[in-house]
Amino acid sequence: MKRERVPSRKAKPVANSSQRGQADPIDDKELVAQALKGDESAFGELLERFRRPVFSLIYRMIGDREQAEDLAQESFVKAFNNLDSYNPSYRFSSWLFKIANNHAIDHLRRARLSTVSIHGSPHAATAEREEETRIVLEAQDESPEQEMLALELGGEIEQAISQLRPDYRTAVILRHVENRPYEEIAEIMDVPIGTVKTFLHRARAELRQALGHLREEP
Amino acid sequence: MTNWTNGHLSELALESWAAGEAEAHDLPELENHVQACPDCRVKATEWRGLFLALASLRGAEPSESFHDRVMKEVRIPTEQVVGAPAWVVKVARRAPRIAAGVLGLWTLGIVGAAAWLQKTMDVPLPMLLARLLNDAEDALWAGAIKLGAILQLSGLLDGWPEAFANVPGLGVAGVATLVSTLSGLAIWTLYRVTKYEPPRIDAHA
């Protein structure tokens, strides 16, 4: 049985310029400037920094690993091949996430899907394919009890998130998986900060209702 | 934001408290109330349960081949383009589309002009095509020999393959230029064959 690995956030730190023999990480904008001058390694480092969060966002939006990889690849290629249209007055991550999120939402529209299943792709033709496309959580560096709890909570919350409408889902993933500030989420989603807060409040209310049976011990 | 609704903490207040986003100066009051009020404690517990679940979410990792797959399709800017004004870079990147558009318009013009001339001058079509092909062949050979000589003597031929490999769309633009030139020669031939002269307008009439 093929299982997909979704490792801990802290398991793989983003690549930084220390790999280039320098102490401080190079700013994303500086990397973009180097890439625009034809530095291939700058493209490589930008890809290393953002491949996990971009893939992670699209994967949760789509719910199918194979399609998510294709969409993430297309997003990066589109962004890198149009790097000269990036406006440095904004965060590079916002610009990249916006491309990826729009690409994922376009895919959902084309496929006429508003929610995804963590139990496998709705397009899966066979049971094997459905199994291959499941979102499977993997707990790392945790005790067996913590691992069990994380898996149980993770499964419940993943299921609930997959049922949210796409803009709520984007906001929740960016805020709670990628830890992005409200300002950046607003830039990515192209909405005012107040709207982001409203999306998050409504999404959390729906999630709270869906997870109503979960209780923290007083 | 008001934190209170009918003597209880509002949902927004409980949510921001559970998310760790409550204002520092509000914290003691919020915490004291949650401890004292059973209703608010139940709701606060639910909110904390939700944020505990959200904290358990983990990122996903693409496959190992992902990096190579992306880099294979990325167009690295070349030295020829680097340092050029932004509009030059944009035009260079769109060169294939621009060339294809120009080529399409040119071909349409040639075909339209040929059809119009043939109809206007009433030249038999087989004869016209035979002369056209004959003249075009002559022009092609003469043009190719002259162009080859110019490129060889000027040394441009040595750097040509590298330019084709590095500058995006240059190959298509080159082909478009060649086809456009040949088309120009063809329409010139067409004009000579039909001996067409535009009607003269007497301004004094």
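1. Overview of the overall build of chain A
On a plain count of helices and strands, chain A comes out with nine helices and zero strands. When the helices and strands of chain A are read in sequence order from the N terminus, they spell out α-α-α-α-α-α-α-α-α. In chain A, once contacts between residues fewer than 6 apart in sequence are set aside, the share between residues at least 24 apart is 63%.

2. Notes on the overall build of chain B
Within chain B, the secondary structure is distributed over nine helices and two strands. Reading chain B from its N terminus to its C terminus gives the helix and strand order β-β-α-α-α-α-α-α-α-α-α.

3. Re the environment of Ser 89 of chain A
Tracing the backbone through its elements, the reader meets Ser 89 of chain A in the loop between helix H3 (65-81) and helix H4 (92-110). In this structure Ser 89 of chain A comes out as exposed when scored by C-beta crowding, with 6 C-beta atoms within 10 Å.

4. Quick look at the packing of helix H7 (residues 166-177) of chain A against helix H9 (residues 193-210) of chain A
Residue and element names in this part refer to chain A. Remark: H7 packs on H9, axes separated minimally by 9 Å, with the N-to-C direction vectors making an angle of 95°. It follows that H7 is roughly perpendicular to H9 by the angle criterion. Only Val 196, Phe 199, Leu 200, Arg 202 and Ala 203 of H9 make contact with H7, whose side of the interface consists of Asp 167, Tyr 168, Ala 171, Val 172 and Arg 175. In terms of residue class, the contact of H7 with H9 is built from seven nonpolar, no polar and three charged.

5. Structural notes on the environment of His 67 of chain B
Mapped onto the fold, His 67 of chain B is located in helix H4 (residues 66-73). If we skip the residues at most four places from it in the chain, His 67 of chain B touches Leu 47 and Arg 51 of chain A.

6. Notes on the packing of helix H2 (residues 40-62) of chain A against H4 of chain B
In contact at an axis separation of 11 Å, H2 of chain A and H4 of chain B are set at 135° when each is read in the N-to-C sense. In terms of orientation, H2 of chain A lies oblique with respect to H4 of chain B. Crossing hand, H2 of chain A versus H4 of chain B: right-handed. When H2 of chain A is examined against H4 of chain B, the residues Phe 43, Gly 44, Leu 47 and Arg 51 of chain A are found in contact with a partner set consisting of Phe 66, His 67, Val 70 and Met 71 of chain B. Residues belonging to the contact of H2 of chain A with H4 of chain B are distributed by class as follows: five nonpolar, two polar and one charged.

7. A few points about the confidence of the model for chain B
Residue and element names in this part refer to chain B. Confidence in the prediction for chain B averages 76 pLDDT; 73% of positions are at 70 or higher. The lowest-confidence element of chain B is helix H8 (residues 156-166), averaging 63 in pLDDT; the highest-confidence one is H4, averaging 94. Under the prediction, the complex receives an ipTM of 0.70, its pTM being 0.60.

8. Some points on unusual backbone geometry
A negative phi angle characterises most non-glycine residues, just as the trans form characterises most peptide bonds. All names here are of chain A. The backbone of Asn 179 shows a phi angle near 55°, a positive value even though the residue is not glycine. Although it is not a glycine, Asp 190 adopts a positive phi angle of roughly 60°. Tracing the chain through its elements places Asp 190 in the loop between helix H8 (182-189) and H9. Residue classification places Asp 190 among the exposed residues on the basis of 11 C-beta atoms within 10 Å.

9. What about the confidence of the model for chain A?
Residues and elements named next belong to chain A. Counting all residues, the mean pLDDT for chain A is 78, and 67% of those residues have values of 70 or more. The lowest-confidence element of chain A is helix H5 (residues 127-132), averaging 54 in pLDDT; the highest-confidence one is H8, averaging 95. Confidence drops under pLDDT 50 across residues 1-22; counting only partners more than four residues distant or on other chains, this segment forms 41 contacts. Low pLDDT, under 50, characterises residues 135-142; the stretch is placed with 25 contacts to residues that sit more than four places away or in other chains.

10. Some details on H8 of chain A
Residues and elements named next belong to chain A. The element H8 is extensively covered by neighbouring structure, given that six of its eight residues are classed as buried. If you check which residues of H8 are buried, you get Glu 184, Ile 185, Ala 186, Glu 187, Ile 188 and Met 189. Residues of H8 that are buried in the fold lie against H4, H7 and H9. Two residues or fewer past H8, Asp 190 is found with a positive phi of approximately 60°.

11. Things to note about helix H3 (residues 38-55) of chain B
Under the 1.5 Å per step criterion, the end-to-end length of H3 of chain B is 25 Å for 18 residues, consistent within 8% with the ideal 26 Å. Cys 40, Ala 44, Trp 47, Gly 49, Leu 50, Ala 53 and Leu 54 of chain B are the residues of H3 of chain B that are buried.

12. Looking at the environment of Ser 10 of chain B
All names here are of chain B. Relative to the helices and strands, Ser 10 is located in the loop between strand E2 (8-9) and helix H1 (11-18). On the neighbour-count criterion, Ser 10 (16 C-beta atoms within 10 Å) is partly exposed. Residues Ser 10 and Lys 43, 33 residues apart in the sequence, show an inter-C-alpha distance of 9.9 Å.

Rules and cut-offs
Residues numbered from 1 in each chain as written. Chains lettered and ligands numbered in written order. Predicted model: local features only at pLDDT ≥ 70, side-chain atom pairs only at ≥ 80, totals over all residues. Helix = DSSP H or I, 4+ residues; strand = E, 2+ residues; numbered from the N terminus. Contact = placed C-beta atoms within 7 Å. Buried ≥ 20, exposed ≤ 12 C-beta atoms within 10 Å, placed from the backbone. Axes fitted to C-alpha atoms, helices over the stretch in contact; angles between N-to-C directions. Parallel < 35°, antiparallel > 145°, perpendicular 65-115°, else oblique. Nonpolar A, V, L, I, M, F, W, Y, C, P; charged D, E, K, R; others polar. Left-handed = near helix turned anticlockwise from the far one by under 90°. pLDDT = per-residue confidence, 0-100. Expected span 1.5 Å × (residues − 1).

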